[in-house]
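Summary of structural features
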Amino acid sequence: MNTATTGTAEVACTDALPAAALGGPVSHAVSRVARLHRIAAGKLLKGLGLYPGQELLMMHLWNSGPVRQSELIRTLDLDPSTVTKMLQRLEQTGHVRRRPDPDDRRAVLVEATAESCALHTAVRDAWRSLEEHTLAGLKSDERTELTRLLAKVEANLCQETEGCPERG
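Here's what I pulled together on the structure shown here. A quick note: this is a predicted structure, and the numbers were derived from the prediction, not measured.

We now examine the packing of helix H4 (residues 69–76) against helix H5 (residues 80–92). Closest axis-to-axis distance for the H4/H5 pair is 10 Å, and the angle between their directions is 115°. Crossing of H4 against H5: the hand is right-handed. Two secondary-structure elements touch here, H4 through Gln69, Leu72, Ile73 and Leu76 and H5 through Pro80, Val83, Thr84 and Leu87. Of the residues belonging to the contact of H4 with H5, the class tally is 6 nonpolar, 2 polar and no charged.

Shown next as structure tokens:
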């Protein structure tokens, strides 16, 4: 084995931050954790026939009742075409229904269907499982502190974000 190969393998297997991230180790850690959390959530949601993000849309509908599609776009802070695609898939599986808003025929109301009640329980259970997997090894007081610190980080980021989405 030549030294160039060995050197590359050693660099690839270290915990060192990429040079560009040296000025932001916490931001780098948050990015990595968010990515891994989304992957873990995706695996759990796939078993329910959902894609990541669809559960958040459903949670909003279950809590709010019928809402305008434009409100979902604003609340989820997603591109309109992304929300439309999500709704198409959820409509095909019978979890949501879209209909004209009786107060404004140009607007579309979106609501969870009665058929989505079973999905509600499954999503709650998946999130509970994700929570336990994510926080395994942390004591109760550490979980509380992590939640408190993440809320502060979120508040900081919202101060710099125009139209910061509501906490969900």
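That shown, we press on.
Here the focus is the packing of aromatic side chains. Tallied over the entire structure, the rule returns 0 aromatic pairs. One cation-aromatic arrangement involves arginine 89 over tyrosine 51; the distance from NZ or CZ to the ring centre is 4.2 Å.

Glancing now at the packing of helix H2 (residues 25–46) against helix H6 (residues 117–135). One can describe the packing of H2 onto H6 by two numbers: an axis separation of 10 Å at closest approach and a directional angle of 140°. Note that H2 runs across H6; the crossing there is right-handed. Across the interface between the two elements, His37, Ala40, Ala41 and Leu44 from H2 touch Ala126, Ser129, Leu130, His133 and Thr134 from H6. Among the residues forming the contact of H2 with H6, the class breakdown is 5 nonpolar, 4 polar and no charged.

Okay, H5 next. For H5, spanning 13 residues, the distance from its first C-alpha to its last is 18 Å, which sits close to the expected 18 Å at 1.5 Å a residue. Buried residues of H5: Val83, Met86, Leu87 and Leu90, and no others. The arc enclosing the buried residues of H5, seen along the axis, measures out at 100°, which places them on a common side. Buried residues along H5 sit in contact with helix H3 (54–64), H4, strand E2 (96–101) and strand E3 (104–112).

Each value, and the rule that gives it
Residues numbered from 1 in each chain as written. Predicted model: local features only at pLDDT ≥ 70, side-chain atom pairs only at ≥ 80, totals over all residues. Heavy atoms only, no water. Axes fitted to C-alpha atoms, helices over the stretch in contact; angles between N-to-C directions. Helix = DSSP H or I, 4+ residues; strand = E, 2+ residues; numbered from the N terminus. Left-handed = near helix turned anticlockwise from the far one by under 90°. Contact = heavy atoms within 4.5 Å. Nonpolar A, V, L, I, M, F, W, Y, C, P; charged D, E, K, R; others polar. Phe/Tyr/Trp six-rings, centres within 6.5 Å; stacked < 30°, edge-to-face > 60°. Lys NZ or Arg CZ within 6 Å of the ring centre and 35° of its normal. Expected span 1.5 Å × (residues − 1). Buried < 20%, exposed > 50% of the residue type's maximum accessible area, 1.4 Å probe, protein only. Arc of directions from axis to C-beta.

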